Amino acid sequence: MSLISVNADKQAAAPILDSPFSQKVERAVGEISKALLGKDHQIRLALCCLFSGGHLLIEDLPGMGKTTLSYALARAMGLEFNRIQFTSDLLPADILGISIFDQNSGQFSFHPGPIFSQLVMADEINRTTPKTQSALLEAMEERQVTVEGETRPLPEPFFVIATQNPVNLAGTYPLPESQLDRFLMRLRLGYPDQKAERELLEMNTERDKVGLVQQCLTTADVSQFRIQSAEVTASSALLDYVQRLVAFTRSKDDFSYGLSPRGSLAVMRAAKTWALMCGRDHAVPEDVQVILPAVVEHRLRGNSDEDGHSGASLLQRLLNEVDVIA
Amino acid sequence: MEVAYQIPRASLQWILLSVFLVIAPQSIYMPIWITLIAFSCLLWRYLIFSGRLNYPSRLMRVVIVTFTLLVSIAQMRSLGVGLESASSLLTLGFVFKLVEMREKRDIYVVMSLSFVMCMVAFLYSQSLLISLYVAACIVVIIATLIALNRSSLQADARSTGRMALRMALQALPLTIVLFLVFPRIAPLWAVPVQATGGTTGVTDEMTPGDLASLGRSSELAFRVQFENGPPPLHQDLYWRGLVLENFDGSTWMRRRYRSAYGTAAERGNFQFNWENRVLVQGEPLQYNVILEPTQQPWVYGLHLADPLNRNLFQSRNFEIYNNGLISKRFSYDLRSYANNQTDLVLLDSARARNTEIPQRGNERSIEFARELRGSVNTDRDFVYAVLAHFRDNPFYYTLNPELLRDNRIDDFLFNTREGFCEHFASTFAFLMRAAGVPTRVVVGYHGAEYNPYEDYMMVYQNNAHAWNEVWLEGEGWVRFDPTGAVSPERIELGVEAALQDDLAFMEQSLFAAVSGRFSFFNTLRLRLDALEYEWNRRVVSYDEEVQVELFERLFGEITEQKVLLLLVGLASLVMVAVGLSVVNIGPRRKLDPVTQLYQTLASELSRIGLARKTGEGPLDYRDRVVAARPELAELMHDFTALYVAINYKPPVQDEQLARKQVKVLKQRLNNLRAALSPLRGSRAQS
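Residues numbered from 1 in each chain as written. Chains lettered and ligands numbered in written order. Predicted model: local features only at pLDDT ≥ 70, side-chain atom pairs only at ≥ 80, totals over all residues. Heavy atoms only, no water.

Q: Lay out the overall build of chain B in plain terms, naming residues and giving numbers.
A: A count of helices and strands for chain B gives 25 helices and 20 strands. Across the 686 residues of chain B, 46% fall into the buried class. Long-range pairs, those at least 24 residues apart, make up 72% of the contacts in chain B between residues at least 6 apart in sequence. Total accessible area on chain B stands at roughly 35,900 Å², and carbon and sulfur atoms take up 58% of it. (Helix = DSSP H or I, 4+ residues; strand = E, 2+ residues; numbered from the N terminus. Buried < 20%, exposed > 50% of the residue type's maximum accessible area, 1.4 Å probe, protein only. Contact = heavy atoms within 4.5 Å. Areas by Shrake-Rupley, 256 points an atom, 1.4 Å probe, with all protein chains shown as cover.)

Here it is, written out as structure tokens:
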């Protein structure tokens, strides 16, 4: 068994119809894939996550292109971004900011940390201590930061793209469930296929590819996606299906705990956005199934699961055993 | 230390309830102290459960077993080996087992015994009421078994009861079939049934003046339904039982035959050609009688009765006997000729028997009779003179007469002058015989109550009666009823009318009295009895004979093959029905029509090897089907598009349009089906 399994992908998603939204997505995918070859589906999912207003966790072995994807996303969307490299000695103040006494004015002035940015890249998030990790908690969920008793709003939009190494590698502090739950999606990139890898080798470059990515989306586009995805119809038949999925995770003994309501909301939000990205005004079960691995895998844990990697097999059961039509 | 098995709380309540229910009917028949022991054992069990008492110790158990053994021996000695002693032994064992039950296995023993106890209840009575009661008991026992096997979380008493009821109802068809077709095999052994009251009905001995009370029991004797035409008038309803010919001065007795009653040999003894001794006219009256158990061999019918049943035969005095004691409810058919003359020629032996009186005693009466006979010309006139004597002198009809002393006939005729039918019949016969007129006493019942709800008559024990038959030259045996001369109401309206002012009688038959006066109760009583009658006629009296009759009517002549075929067929039918109902037991959600259509498509496609997987969405499924069967692409796309539109697109507000959508979907499904049928064929070939 490989250490990391790629997301149980459903590449053959529902057909993509022509619409302003799907065109924009096509363009963005085109741009980003210049930097990350052969990973169209993952790029699409990452876009879906960001368009849904959720935070993204990218998990894979070192050197698989996690950081590349983050950079490329930031560039393509034209967001103001900061990168925080998480290390074991990183402190919360290093992320949030600090008040410094200004000798000129004789007052304390707040120096915002790198979190005050539209897109925050938390690189190797599980290399830092839980104390620092939890500094991200409020920021991610409330989209505001409280430093020294003063609450400051974060810019709009606000995304966190975190990358992490698999938890069983040396020198990692696994993210607690509470924090994992705050990421809308967890992506795994996996090895590139042969063709993409050949292309990569032929290009013979490392980081420079990211420079090729042009901005093709605006902040306005992103918020447009968010507003429109809320309008996507989720029929009662679809809601039934989602409820069946959630009930399955809660009732079967193999799951050590079921999906939280935040989890089921996340499934709905992502499915609607996916439908919108495909140019439809209604979500179908296939939309749910496409985003399901990325959305729920990190929220599930098997009963006899030591390292939090049974999500994938549990997810397969969800996809196979829960009836779409009933 | 081993972990003690805990009887689940919920199931223990059920156990106590079912034990109580199955003991209750027995307690009527058992000695009161056994009932007390039984109920105190129930209490004991409850106290063990609530922790206030302990299980019986080893010593205690030895004592109990010894006690039970002694009791059963004592019972056998006092009551004889019979139903009552056996059932009280069973009951004791049952309740003691209840007290000491600890393991699950013990509970199963107790519950199995409960079923046996239910069957024992049937040995005492098979009435509709007890049958319904036992059915309820069985439901409770089933519920107990269910409760025993449910976890404490599921142990909701109501759902357990519902489940038990459902199981019992599912068993009902099989029960009915088994009831109808199961071979009625004669029992290999028989329980000597001893009803508490011993024999009932009229006895074969009659001692007027001995018993100071009679005819007060309002228990049912038998029910009669006339099958052709209306029943006779009330005053003609003389249900003839026994003929008493021998008189020893105080007691009238039946003529004893050499062989004992109730044997097959007796039947041969009674065989005679009765047509030679009988002249009948007119159409016979045909009717069915259901006799309550009497523990006696004779049965009752209107004179002159010709039995239609195999096991019934007739004596020389035209009494009707069954081949064996009547120990359970007995249904028989009779044909009676109201217009009859019997024994126009009286044999000398019979004349001698019927004119015989004791040599000594009652001289005053003998003298009185001879005197009276001398004053009239014919025997018939003499009969009238005696009846007139009863009527014109202060004779009273009462059920509580004074006791008679020494010369009983004299004492009655000249002294007390009060009595009931026995006194009058006995005195009348004595007077007749004293004057040389052949006369005999007949005992049986007179009158009946008509039940209009099922069109039948009910004859009670208080309808018991005695009357006379006098042999007259040229007429044969003629019936006379001296009681009628004294109390015409008794004959015309029945015993209750005759004794309306008799407080003692009315007190004792309180229910009858109440019911007689309030029409509501009367109606209720008659309706209940009508139900009971139907139950007896259709269920209890369903025996081998009726079974064979039913089969012959349904399937013609019975052969072994036919019976086997029928049994196997019925059994499999029932099993299939039960199996189907079991399959359907799970909760079945009603699918909406659109989903149903989609499922139909999926099942059609599964026949060409393209079954939908459980977790497969409609679009994925379509793509897979199209990939496998490109020729279906267009139809599949059309159907799926509409299905997705109906199911996942914003719902159409216009209801008419929605209906139309479903219609179109159905049409597309049919198109698909049409395209599928040739594919199925080709697949079969390949």
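Next comes the rest of the account.
Q: Give me the sheet that holds strand 10 (residues 312-314) of chain B: which residues, what numbers.
A: All names here are of chain B. Across the sheet, which stays open at both edges, the three strands sit in the order 7-11-10 with antiparallel pairing between neighbours. Looking at the sheet topology across the chains shown, the edges are occupied by strand 7 (298-299) and strand 10. Where strand 10 lies against strand 11 (residues 320-322), three bridges are found, and the strand directions are antiparallel. Note on strand 11: the bridge partner recorded for Phe313 is Tyr321. (Pairing = 2+ DSSP bridges.)

Q: I'd like to hear about the interface of chain B and chain A, residue by residue, with values.
A: Each partner contributes to the interface: chain B provides 20 residues, whereas chain A provides 23 residues. For the pair chain B and chain A, the summed buried surface comes to about 1,600 Å²; carbon and sulfur atoms form 59% of the total. Together, Thr614, Gly615 and Tyr648 of chain B form the three largest contributors to the area buried by chain B at its contact with chain A, with a combined 35%. Taken together, chain B and chain A are joined by one salt bridge. Among the ionic pairs, Asp323 of chain A bridges to Arg612 of chain B, the shortest N-O distance being 2.7 Å. For the pair chain B and chain A, the interface holds seven residue pairs in polar contact (both at pLDDT 80 or more). Listed by contribution, the elements that provide at least two residues to the side of chain B that touches chain A are helix 22 (593-606), helix 23 (618-628) and helix 24 (633-648) of chain B. A breakdown of the residues in the side of chain B that touches chain A according to their chemical character gives eight nonpolar, six polar and six charged. (Buried area = accessible area lost by both parts, 1.4 Å probe. Salt bridge = Lys/Arg side-chain N within 4 Å of Asp/Glu carboxyl O. Polar contact = N/O pair within 3.5 Å; in protein donor to acceptor, adjacent residues only side chain to side chain. Nonpolar A, V, L, I, M, F, W, Y, C, P; charged D, E, K, R; others polar.)

Q: Before we move on, could you go through the nonpolar core and cite the residues and values that matter?
A: Formed by 101 residues in total, the largest nonpolar core has its most connected members in Leu47, Met185 and Ile291 of chain A together with Leu605 of chain B. Examining the composition of this core, we find that nine residues originate from one element, helix 11 (residues 261-277) of chain A, more than from any other. With residues up to four places along the chain from it excluded, the contact list for Met185 of chain A reads Leu45, Cys48, Cys49, His55, Leu56, Leu57, Ala270, Ile291, Ala294, Val295 and His298 of chain A. Core analysis: the second largest hydrophobic core is formed by 74 residues, Val224, Tyr397, Tyr445 and Ala448 of chain B among them. (Core = buried A, V, L, I, M, F, W, Y, C linked by side-chain atoms within 4.5 Å.)

Q: Go over the sheet that holds strand 17 (residues 449-451) of chain B with me, naming the residues and quoting the values.
A: Residues and elements named next belong to chain B. Judged by pairing direction, the sheet is antiparallel, and its six strands sit side by side in the order 9-12-6-2-18-17 without closing on themselves. The two strands at the open ends of the sheet, each matched to only one other strand, are strand 9 (305-307) and strand 17. Each neighbouring strand pair of the sheet contributes to a mean axis angle of 30°, computed without reference to strand direction. Direction of pairing for strand 17 relative to strand 18 (residues 456-460): antiparallel, over a ladder of three bridges. Across the sheet, residue Asn451 finds its bridge partner in strand 18, namely Tyr456. (Axes fitted to C-alpha atoms, helices over the stretch in contact; angles between N-to-C directions.)

Q: Describe the confidence of the model for chain A, naming the residues involved and giving the relevant values.
A: Residues and elements named next belong to chain A. When the pLDDT values of chain A are averaged, the result is 82; 90% of them are 70 or greater. Looking over chain A, one finds the lowest element-wise mean pLDDT in helix 8 (residues 209-212), namely 78, and the highest in helix 11, namely 91. Across residues 1-13, where pLDDT falls below 50, the model places 36 contacts with residues more than four positions away in sequence or in other chains. (pLDDT = per-residue confidence, 0-100.)

Q: Tell me about the packing of aromatic side chains, and name the residues and values.
A: All names here are of chain B. Inspection of the entire model under this criterion finds 28 aromatic pairs over all chains. With centroids separated by 4.2 Å and ring planes inclined at 25°, the aromatic side chains of Tyr598 and Tyr643 adopt a geometry described as stacked. Of this pair, Tyr598 sits in helix 22 while Tyr643 sits in helix 24; the two residues are 45 residues apart in sequence, bridging distant segments of the chain. Since its relative accessible area comes to 1%, Tyr643 is described here as buried. Within the aromatic cluster, the residues linked to one another by ring pairs are Phe222, Phe226, Trp239, Tyr287, Tyr300 and Tyr445. The cationic tip of Arg364 hangs over the ring face of Phe414; the distance from NZ or CZ to the ring centre is 4.0 Å. (Phe/Tyr/Trp six-rings, centres within 6.5 Å; stacked < 30°, edge-to-face > 60°. Lys NZ or Arg CZ within 6 Å of the ring centre and 35° of its normal.)

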